Amino acid sequence: MSERELQHIGVIGGGMMGRSIATKVSQAGLQVVVREISSERAEEVKARLAAALDHQIERWALTQSEKKATLSRIEFTADLDKAASCEVVIETIHEDFEAKRALLAELDALLDPSIPVIVNTSTLSITELAQGLAHPERIVGMHFLYPVTTTRVVEVVRGQVTANEAFELARKFARILGKVPIEEFESPGFVTTRVMLPLVNEAIQVVMEGVATAAEVDLCMKLGYDFRLGPLEWADRIGLHKVHNWLDHLFQETGDPKFRPCPLLRKLVRAGHNGARWGQGFFKYDEERNRLDRPPDDTPQLG
Amino acid sequence: MKILVLNCGSSSVKFQVIETSLEMIQANKDSAIAKGSVERIGMSDSRLSLEVPGRKTYQEISEILEHRTAVERILKVLVHPTQGVLGKVEEIEAVGHRMVHGGEKFASSVLVNPEVEEMIEECVVLAPLHNPHNLRGLRAAQALLSGVPHVAVFDTAFHQSMPPKAFLYGLPYELYTRHKIRRYGFHGTSHRFVAIHTARLLKRNLEDTRIVTCHLGNGCSMAAVKQGHSIDTTMGFTPLEGLLMGTRTGDMDPAVLPWVMAMEELTLAQLNAMLNKHSGLYGLSGVSSDMREIQKACSDGNRRAKIAFDIFCYRITKYIGAYAAAMGGVDAVTFTGGIGENSAEVREQTLAGLGFLGIELDAEKNRNLPRGEEVIITTPASRVAVAVVPTNEERVIARDTVRVLGGVMPSFAVPDNEAPR
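Numbering of residues starts from 1 in every chain and runs along the sequence as written. Numbering of ligands from 1 and lettering of chains from A proceed in the order in which they are written. The predicted nature of this model means local features are confined to residues of pLDDT at least 70 and side-chain atom pairs, given and counted, to a pLDDT of 80 or more, with totals for whole chains, interfaces and linings taken over all residues.

## Considerations on the overall build of chain B
Part 1 of the argument: Regarding its fold elements, chain B presents 16 helices and 14 strands.
Part 2 of the argument: When we talk radius of gyration, it's over C-alpha atoms, and the globule rule is simply 2.2 Å times the number of residues to the 0.38. Its C-alpha atoms give chain B a radius of gyration of 22 Å, near enough to 22 Å, the size a compact globule of 421 residues would have.
Part 3 of the argument: Each principal axis of the C-alpha atoms in chain B carries an extent, and together these give about 55 × 55 × 50 Å.
Part 4 of the argument: The long-range share in chain B, meaning contacts at least 24 apart out of those at least 6 apart in sequence, stands at 63%. Segments assigned H or I by DSSP are reported as helices when at least four residues long, segments assigned E as strands when at least two residues long, and all are numbered from the N terminus. Residues are scored as being in contact if the C-beta atoms we place from backbone atoms lie within 7 Å.

Written as structure tokens, this is what we have:
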């Protein structure tokens, strides 16, 4: 089956991740169907995706004609049946167990058993999501990292019953997208999330204890270890409520106290200071999500 | 004999069938009996088109997912009972392939054998955007036309005669020995073709001439062709260097790059796209990458378009002077390519200040060119001739194929032009 041509990819869910995946898949020359719950939502997703492409043009990453070509390969629809004509279907709806499970059941009934369904999750259990489906062996996990258009790695995850064929097709798909697939066995948080979250949580703890300010913690890590973003700005840009949910989930799953969300993180989330998109998290941001309170030492230096 | 010429890009294959022979080349009588292309390979609506002189253009749209299928369809349409031009596929006696990068390995066009194929493979790292597709096309054609010889013609080969002082950069020498960072130059088949035809037009031996060739198209480059050898060219390690182009910067201070990357927080991919796709005529003018649009905007009084136009011409002027100096004089300047052949304004402004070199443009001839013909556009009194010679890279590829098969293909390498490894 891994010799099969991959030409049509279904993306179920047009959120930030879904749009980013759809863009990357289209830019790799494949046809994409993006499915949303209503045609109004589908239109909105299209507009948002186009706006993101415009932003890339402003940043010299893309040209007008490349934007046109990218959009021409993406169809936006409310019709789930369209996914049935794809060779691979990726679900990218929000990180909620019940919602994902309901969708997988629907897809399982709709799709030919040979079509793998890729679950895009960072913390949920593939095996548990697949349980009870007529064809649980077709479920593969793929943890894409945002922005999908530029990150070079993707975690490809085997659940307990994932078939080799489905797994190999997912790996082949990753290569078509120009990404390095890392083969992983299912475990909460996989590699990237599991390693990153305790670091972020500890950074928040350090701020809460008053050891250093948020800006200083980020500056230390950024300049000290050549991080592109400090851990707190990274969390702001992901969304603090998401970071909180992931930590909470890993804590419950493993019982390991290193994943217990720091009280300061809870506080910020309860205040609605969820990060860059909300204008405020650990730092302040303008409407275009540019950070406003960056200290002078945190600017590029030549020589 | 009939030669099939193939030029494979990432999602397209351009082709021509050329009737040629050593005698026909000598008499300048070789010509295309059909040409066309397959566009949008990998899509469900790929387009194949075929142009045959005297007939309406034929088009078909179908799903063509890979280069092999594209070549298959091309062969099929060529032998089609009503649309085709061949009785049977076996009439094709050889295939000539355009290859972008031959690195330092190829100073000539060559017959493809497994060893040559491996060497082309080794050049992929130098042209990751082009060579893999060229190779894919080559392999598809080899599979489908296994009984005939295949010849590879490289964009870089003609410039392999450059001396080290022209091809090395002022970088640490290890970058040359480790990574082969040096000037290679491109458009070699075009520069060579128009230099030969310019000498012929001047009724002089190529071996006695010093010609500056200007290939001004989508990409733009110039070459100093002395006694038939390229001794310098404006494009470098990649086709970005040298002249201003539609969307490419051409020459600039490389120190700008780390500076811009830091200030704008750009990734390598963004920087590459900025230099190759957002700069040049388009980036400067904000109007278009197309010279016709730029000229129109200029006449409408758009100041940024005028600046872009001026920079475009000024760079060419500068390099004509530089190459005249490099060759110890100049006998002819030749324009070719879409802009070189069609923009009287570019030629006029470029040459305006070059009277001191002995260039005297015939303004009337410059403005009223017979389309598609080789002409001289300077006055009889002009000490340096300026010519317009329409380029024809496919014809060169077909010619080289015949020459390679006939054992008369010259190498462009010259003695003692190697740099120490």
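## Considering the overall build of chain A
Part 1 of the argument: Along the backbone of chain A there are eleven helices and eight strands.
Part 2 of the argument: Taking 303 residues into account, the globule formula puts the C-alpha radius of gyration at 19 Å, and chain A, at 20 Å, falls close to it.
Part 3 of the argument: Considered along the principal axes of its C-alpha atoms, chain A spans approximately 55 × 50 × 40 Å.
Part 4 of the argument: When burial is assessed residue by residue, chain A has 43% of its 303 residues classed as buried.
Part 5 of the argument: Considering only contacts within chain A whose residues lie at least 6 apart along the sequence, 66% involve residues at least 24 apart. Neighbour counting defines burial: a residue surrounded by 20 or more other C-beta atoms within 10 Å of its own C-beta is buried, one with 12 or fewer is exposed, and intermediate counts give partly exposed, using backbone-placed C-beta atoms.

## Topic: unusual backbone geometry
All names here are of chain A.
Part 1 of the argument: With an omega dihedral of -10°, the bond running from Tyr146 to Pro147 counts as a cis peptide bond.
Part 2 of the argument: Located in the positive-phi region is Trp60, a residue other than glycine, with phi close to 65°.
Part 3 of the argument: Mapped onto the fold, Trp60 is located in the loop between α2 (39–58) and α3 (64–72).
Part 4 of the argument: The buried category is assigned to Trp60, around which 22 C-beta atoms lie within 10 Å.

## Comments concerning the environment of Asp208 of chain B
Part 1 of the argument: Within the secondary structure, Asp208 of chain B is located in the loop between α7 (188–201) and β9 (210–216).
Part 2 of the argument: The sequence separation of Asp208 of chain B and Val13 of chain B amounts to 195 residues, and the corresponding C-alpha distance is 38 Å.

## Thoughts on the pairing of strand β2 (residues 13–19) of chain B
All names here are of chain B.
Part 1 of the argument: Of all seven residues that make up β2, five are buried, and the element is covered over most of its length.
Part 2 of the argument: Where strand β1 (residues 2–8) meets β2, seven bridges bridge the pair, whose relative direction is antiparallel. Bridge pairing in β2 places Lys2 opposite Glu19.
Part 3 of the argument: Hairpin connection, β1 to β2: the antiparallel pair is bridged by four residues. Two strands form a pair only when DSSP identifies at least two bridges running between them.

## Here's the deal with the sheet that holds strand β8 (residues 180–185) of chain A
Residues and elements named next belong to chain A.
Part 1 of the argument: With respect to topology, eight strands assemble into an open sheet ordered β3-β2-β1-β4-β5-β6-β7-β8, the strand pairing being mixed. Bordering the open sheet on either side are β3 (74–77) and β8, each of which pairs with just one other strand. Taking each pair of neighbouring strands and ignoring which way they run, the sheet shows an average axis angle of 25°.
Part 2 of the argument: Where strand β1 (residues 8–12) and strand β4 (residues 88–91) come together, four bridges link them in parallel fashion. Counterpart to Ile12 in the pairing with β4 is Glu91.
Part 3 of the argument: Angles shown run from 0 to 180 degrees and are taken between the N-to-C directions of axes, each axis being a line fitted to C-alpha atoms and, for helices, limited to the stretch in contact. Relative to β4, helix α4 (residues 97–110) is tilted by about 165°, and along the sheet it contacts β1, β4, β5 (117–119) and β6 (139–144).

## Re the sheet that holds strand β13 (residues 375–376) of chain B
By way of backbone hydrogen bonds, the strands of a sheet pair with one another, either parallel or antiparallel.
Residues and elements named next belong to chain B.
Part 1 of the argument: Pairing within the open sheet is mixed, and its six strands lie in the order β11-β10-β9-β12-β14-β13. Taken across any chain shown, the strands that pair with only one partner, and hence form the sheet edges, are β11 (229–233) and β13.
Part 2 of the argument: Across the face of the sheet, α7 comes into contact with β9, β10 (220–226), β11, β12 (332–336), β13 and β14 (385–388) while running at roughly 130° to β9.
Part 3 of the argument: Against the sheet, helix α12 (residues 303–327) contacts β9, β10, β11 and β12, and its axis sits at roughly 20° relative to β10.

## A short note on the domain arrangement of chain A
Part 1 of the argument: For each domain, the first and last residues come from an automatic or database assignment. Each assigned domain of chain A is listed here: domain 1 (8–185) and domain 2 (194–292).
Part 2 of the argument: Computed over C-alpha atoms, the centres of domain 1 of chain A and domain 2 of chain A are 27 Å apart.

## A closer look at the packing of helix α7 (residues 192–208) of chain A against helix α11 (residues 263–270) of chain A
All names here are of chain A.
Part 1 of the argument: Two numbers describe how α7 lies on α11: the axes approach to 8 Å, and their chain directions differ by 90°. Here α11 runs roughly perpendicular to α7, going by the angle between their axes. Here Ile204, Val207 and Met208 of α7 come into contact with α11, specifically with Pro263, Leu264 and Leu265.
Part 2 of the argument: Partitioning the contact of α7 with α11 into residue classes produces six nonpolar, no polar and no charged. Any angle from 65 to 115 degrees is called roughly perpendicular, while one under 35 is roughly parallel, one over 145 is roughly antiparallel, and all others are oblique. Polar here means any residue outside two lists: the nonpolar Ala, Val, Leu, Ile, Met, Phe, Trp, Tyr, Cys and Pro, and the charged Asp, Glu, Lys and Arg; Gly therefore counts as polar.

## Regarding helix α1 (residues 16–27) of chain A
Residue and element names in this part refer to chain A.
Part 1 of the argument: The terminal C-alpha atoms of α1 lie 17 Å apart, and with twelve residues this matches the ideal 16 Å at 1.5 Å per residue to within 8%.
Part 2 of the argument: Burial within α1 is extensive, with ten of its twelve residues counted as buried.
Part 3 of the argument: Buried residues of α1: Met17, Gly18, Arg19, Ser20, Ile21, Ala22, Thr23, Lys24, Val25 and Ser26, and no others. Residue count minus one, scaled by 1.5 Å, sets the expected span of a helix.

## Observations regarding the pairing of strand β7 (residues 153–158) of chain A
Part 1 of the argument: The sheet contact formed by β6 of chain A and β7 of chain A spans four bridges and is antiparallel. Looking at β7 of chain A, one finds that His143 of chain A is bridged to Glu155 of chain A.

## Points about the packing of α12 of chain B against helix α14 (residues 344–351) of chain B
Residues and elements named next belong to chain B.
Part 1 of the argument: With their axes 8 Å apart at the nearest point, α12 and α14 run at an angle of 50° to one another. With respect to α14, the axis of α12 lies oblique. As α12 runs across α14, the sense of the crossing is right-handed. Facing Phe312, Cys313, Ile316 and Thr317 of α12, the residues of α14 in contact are Val346, Gln349 and Thr350.
Part 2 of the argument: Looking at side-chain class alone, the contact of α12 with α14 contains four nonpolar, three polar and no charged residues. In this scheme, a crossing is called left-handed if the near helix is turned counterclockwise away from the far one by less than a right angle; it is called right-handed if the turn is clockwise.

## What about the interface of chain B and chain A?
Part 1 of the argument: Listed per partner, the contact involves 14 residues of chain B and nine residues of chain A.
Part 2 of the argument: Every element with two or more residues in the side of chain B that touches chain A is listed here: α8 (256–264) and α9 (268–277) of chain B.
Part 3 of the argument: With five residues, α9 of chain B is the largest single contributor of residues to the side of chain B that touches chain A.
Part 4 of the argument: Looking at the side of chain B that touches chain A residue by residue, the classes come out as eight nonpolar, four polar and two charged.

## Focus on the environment of Ile359 of chain B
All names here are of chain B.
Part 1 of the argument: Within the fold, Ile359 resides in the loop between α14 and α15 (363–367).
Part 2 of the argument: A C-alpha to C-alpha distance of 12 Å links Ile359 and Gly321, two positions 38 residues apart in sequence.
Part 3 of the argument: If we ignore the near neighbours within four places in the chain, the residues touching Ile359 are Leu351, Leu354, Thr378, Ser382, Val384 and Val386.

## A word on the confidence of the model for chain B
Part 1 of the argument: Each residue carries a pLDDT value, the predictor's own confidence for that position, ranging from 0 to 100. Put simply, chain B has an average pLDDT of 94, and 100% of its residues get 70 or more.
Part 2 of the argument: Two summary scores accompany this predicted model of the complex, namely pTM at 0.86 and ipTM at 0.76.

## Some points on the environment of Ser44 of chain B
Residues and elements named next belong to chain B.
Part 1 of the argument: Structurally, the position occupied by Ser44 is in strand β4 (residues 43–51).
Part 2 of the argument: Using a count of 13 C-beta atoms within 10 Å as the deciding quantity, one classes Ser44 as partly exposed.
Part 3 of the argument: Sequence separation between Ser44 and Pro81 is 37 residues; the distance between their C-alpha atoms is 26 Å.

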